[in-house]
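Chain and residue survey
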Amino acid sequence: MESIRTIFDIFITTYPGFLDAVIITLQLTAISVVLGTVLGIAFALMKISKSKILQGIANLYITVIRGTPLLVQIMFLYFGITQIVVLDNFWAGALALGVHNGAYIAEIFRGAIQGIDRGQTEASRALGMTNNQLMRRIVFPQALRRSIPPLGNQFIITLKDSSLVWMIGVAELFSVANRAAASSFKQFETFIVVGFYYLVLVMIFTYIVRWYENRLDVDKV
Amino acid sequence: MIIGENIHKSFGDLEVLKGIDLHVKPQEVVVLVGVSGSGKSTLLRCFNFLEEMNSGTITIDGHTIDPKKDKLPDIRAEVGMVFQHFNLFPHKTVLENVIEAPIIVKKMDKAKAKQLGLALLEKVGLGDKADVYPSKLSGGQKQRVAIARALAMEPKVLLFDEPTSALDPELVGEVLQVMKQLAEEGMTMVVVTHEMKFAKEVADRVIMLDKGVIIESADPKTFFENPQNERTKQFIQLVE
Ligand SMILES: Nc1ncnc2c1ncn2[C@@H]1O[C@H](COP(=O)(O)OP(=O)(O)O)[C@@H](O)[C@H]1O
Ligand SMILES: [Mg+2]
């Protein structure tokens, strides 16, 4: 009982600061998913291209990113990049998350592109379209639509993974909570509260993704 | 019109077409029959270079195509194809399906393409479906859209690969009706089908393919009433 009261009190006293931190977490997530999408498209195109060199570069990138911990990537990028350019912690974190996302999103796009029925390319060819035309007009638009649900999931994963950038001092939700926990000496209760924040955010976005998936099913595209 | 000569095609060790000669005259309707796996689809696909031949030539309107020099997309634009599974573009409306290639490939003016598309949809009996998406159509309607889409490129010849095989029986008639109308209007057609009634009524010539070889080629009456080859006789008994 005492504990529940404490949790509630902590919730009340921390929420102004936590809400600001939620905004930063959402910004980090959104920026890194957008950056990841740009990188993902580029690397997916390299992977399906005919050039062995481009394929090799894309494979290397995807293998390295998927084969190392995100935390290592964040530290590596932070200490690497800040030696070359002046970049604040927020942007360094967003960049690291974005580069990380790029590898996963590249695989999402590649899968979506290769998942388009062969009949679509055959019909396009039979109508006289060149490879470029049929990719641009027929394959990519359909693949993009099918990528949106997995991209939504990637967004949700990133929302949670973004907590790792507290290591480089970005004032996102986890690091603000961590500070609040330390100063109040109520670690257990504070982390229950911050867990609740993540849970609610994730549930909202899960609901949106599911809503879109259902709409896709109706359209059958 | 369109001439295939000495067409050979293998997939690995499997020789699927063993030297096919097929001359299709202008306005002729050729029906291609044969058991599953005899090479009918592969032959059609060689005609529009969806499949690369091992040897042989395709001649369209007196021009023998050189796959190395000629631009294959330009050749394919002249040879229409209708598929068993329609292969409509699900992200485009019915009208957009029909006018996509004229606009993109032929660089036709949008307004003009739209006019052409609507006229073709009217022709296949789907003028009222221009703005719906393919997922809202029945199989028979989808296939009629696919025919309109092929016609929009004003092809010199139309290839049909089992256009009614994926349809519920009650929807077959409406597609065959459209094909019959095209034949009457003088469209040059090569049709792979198991609809023997269509072959008898519409074909100028029926050809039997067996293990990659043409074993029978005759007008429909002779083909069905007086076939020469044993395998043809068996096949006719099987499908009738
Ligand atoms: N892309 C391919 N790769 C390997 N084998 C193929 C391919 N396409 C067709 N075949 C084989 O070629 C033979 C003829 O196929 P197909 O032309 O589709 O026959 P049909 O249309 O008369 O049923 C079959 O044995 C089939 O398995
Ligand atoms: Mg076939």
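All of these numbers come straight from a predicted model, not from anything done at the bench. (Residues numbered from 1 in each chain as written. Chains lettered and ligands numbered in written order. Predicted model: local features only at pLDDT ≥ 70, side-chain atom pairs only at ≥ 80, totals over all residues. Heavy atoms only, no water.)

**Topic: a nonpolar patch on the surface**
Residues and elements named next belong to chain A. Let me state the cut-off plainly: What goes into a patch is any residue over 30% in relative accessible area without a salt bridge, connected to like charges within 9 Å or, for nonpolar side chains (Val, Leu, Ile, Met, Phe, Trp, Tyr), within 5 Å. The protein chains shown are the only cover counted for residues, whose accessible areas, like all others here, come from Shrake-Rupley with a 1.4 Å probe. Any Lys or Arg side-chain nitrogen found within 4 Å of a carboxyl oxygen on Asp or Glu counts as a salt bridge. Secondary structure counts use DSSP, requiring at least four H or I residues in a row for a helix and at least two E residues in a row for a strand, with both numbered from the N terminus. For every residue, the accessible area obtained with a 1.4 Å probe (protein chains only) is divided by the maximum for its type, and the residue is called buried under 20%, exposed over 50%, and partly exposed between those limits.
Together, Phe 196, Val 200, Ile 204, Tyr 207, Ile 208 and Trp 211 give the surface a local cluster of nonpolar side chains, amounting to about 620 Å² of exposed area. Take Trp 211: it is sitting in helix 8 (residues 187-219). Judged by relative accessible area, which is 47%, Trp 211 ranks as partly exposed.

**Some points on the sheet that holds strand 2 (residues 14-24) of chain B**
Residue and element names in this part refer to chain B. Counted only if it meets this: In this scheme, strands are said to pair when DSSP sees at least two bridges between them. Contact definition: two residues touch when any of their heavy atoms are within 4.5 Å. As a rule, the C-alpha atoms of each element are fitted with a line to give its axis, helices using only the stretch in contact, and angles between N-to-C directions run from 0 to 180 degrees.
Read from one edge of the open sheet, 4 strands run 2-1-4-5, paired in antiparallel fashion. Taken across any chain shown, the strands that pair with only one partner, and hence form the sheet edges, are strand 2 and strand 5 (63-64). Where strand 1 (residues 2-11) lies against strand 2, 8 bridges are found, and the strand directions are antiparallel. Bridging from a neighbouring strand, Ile 3 pairs with His 23 of strand 2. In this fold helix 1 (residues 40-47) packs onto strand 1, strand 2 and strand 4 (55-60), with an angle of close to 120 degrees to the strand it touches most, strand 1.

**Quick notes on the packing of helix 1 (residues 2-48) of chain A against helix 6 (residues 131-161) of chain A**
All names here are of chain A. Our working definition: Orientation is classified from the angle alone, with under 35 degrees giving roughly parallel, over 145 giving roughly antiparallel, 65 to 115 giving roughly perpendicular, and any other angle giving oblique. Left-handed is the label given to a crossing in which the near helix is rotated counterclockwise from the far helix by less than a right angle, and right-handed is the label when the rotation is clockwise. Only Asp, Glu, Lys and Arg are considered charged, only Ala, Val, Leu, Ile, Met, Phe, Trp, Tyr, Cys and Pro nonpolar, and every remaining residue, Gly among them, polar.
As a packed pair, helix 1 and helix 6 sit with axes 10 Å apart at the nearest point and diverge in direction by 140 degrees. Regarding the angle of helix 1 to helix 6, the classification is oblique. For the element pair helix 1 and helix 6, the recorded crossing hand is right-handed. Between helix 1 and helix 6, the contacting residues are Thr 25, Leu 26, Thr 29, Ala 30, Ser 32, Val 33, Thr 37 and Leu 45 on the first element and Phe 140, Leu 151, Phe 155, Thr 158 and Leu 159 on the second. Its residues assigned to classes, the contact of helix 1 with helix 6 comprises 8 nonpolar, 5 polar and no charged.

**Details of the nonpolar core**
Defined as follows: Grouping buried Ala, Val, Leu, Ile, Met, Phe, Trp, Tyr and Cys residues that are joined through side-chain atoms within 4.5 Å yields what is termed a nonpolar core.
Ranked by size, the top nonpolar core spans 53 residues in total, and within it Leu121(B), Ile147(B), Leu158(B), Phe160(B), Met179(B) and Met189(B) carry the most contacts. Of the residues forming this core, the biggest block, 8 residues, is contributed by helix 6 (residues 169-184) of chain B. Residues within four places of Met179(B) in sequence aside, it is in contact with Ile147(B), Phe160(B), Pro163(B), Met189(B), Val191(B) and Phe198(B). Counting 45 residues, the second-largest nonpolar core is a separate cluster that includes Leu127(A), Ile2(B), Ala77(B) and Met81(B).

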